[in-house]
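Structural overview for review
Chain by chain, the residues:
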Amino acid sequence: MARKANSKVGLVLSLGSSAIAVVRSVKRMRRTRGDQDRLETANAVAGLLPLITSALLVARRLRGRSHQQPAG
């Protein structure tokens with residue numbers, strides 16, 4: 001069972017890995033566009049969408065953590 005990243009470090013690492021995956025997918029998409037293969041390009045775009053969504057969700061969690069005031 002996957003463990004949710006509760007720490008700020010875990011969230012930053014998750015965001016970093018998502019960013020790397022997005023960069024790789026963009027490179028793949030550019031390569032398929034150069035080959036003029038529409039089906040491969042569509043596949044690359046479809047694979048890119050969940051990566052972007054995941055990165056945005058992690059960024060939102062990080063932003064929410066930074067706005068929380070410490071209880072004290």
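We now turn to the structure provided with this report. Predicted, not measured: the structure shown is a model, and the values here were computed from it. (Residues numbered from 1 in each chain as written. Predicted model: local features only at pLDDT ≥ 70, side-chain atom pairs only at ≥ 80, totals over all residues. Heavy atoms only, no water.)

**Looking at the overall build of the protein chain**
Counting its regular elements, the protein chain contains 2 helices and 0 strands. Out of the 72 residues belonging to the protein chain, those deemed buried represent 18%. Residue pairs at least 24 apart in sequence account for 64% of intrachain contacts in the protein chain once pairs closer than 6 positions are excluded. Roughly 6000 Å² of accessible area belongs to the protein chain as shown, and the carbon and sulfur atoms make up 58% of that amount. (Helix = DSSP H or I, 4+ residues; strand = E, 2+ residues; numbered from the N terminus. Buried < 20%, exposed > 50% of the residue type's maximum accessible area, 1.4 Å probe, protein only. Contact = heavy atoms within 4.5 Å. Areas by Shrake-Rupley, 256 points an atom, 1.4 Å probe, with all protein chains shown as cover.)

**Re the environment of R31**
Tracing the backbone shows R31 in helix α1 (residues 8–34). Owing to a relative accessible area of 52%, R31 belongs among the exposed residues under this scheme. In this structure the C-alpha to C-alpha distance between R31 and T41, which are 10 residues apart in sequence, comes to 8.5 Å.

**Here we look at the pattern of salt bridges**
Applying the stated criterion across every chain yields a total of 1 salt bridge. Of the charged contacts, one joins R28 and E40 as a salt bridge, the two residues approaching to 3.7 Å between their closest N and O atoms. Taken together, the residues span a long stretch of sequence, with R28 in helix α1 and E40 in helix α2 (residues 38–67) at a distance of 12 residues. With a relative accessible area of 29%, R28 lands in the partly exposed category. Residue E40 is classed as partly exposed on the basis of its relative accessible area, which comes to 33%. (Salt bridge = Lys/Arg side-chain N within 4 Å of Asp/Glu carboxyl O.)

**Focus on unusual backbone geometry**
Only a minority of non-glycine residues have a phi that is not negative, and only a minority of peptide bonds are not trans. For Q36, which is not glycine, the phi dihedral falls at a positive 60°. With respect to the helices, strands and loops of the structure, Q36 is situated in the loop between α1 and α2.

**Side note on the side chain of T32**
You can see T32 is positioned in helix α1. Not counting chain neighbours up to four residues away, the residues in contact with T32 comprise D37, E40, T41 and A44.

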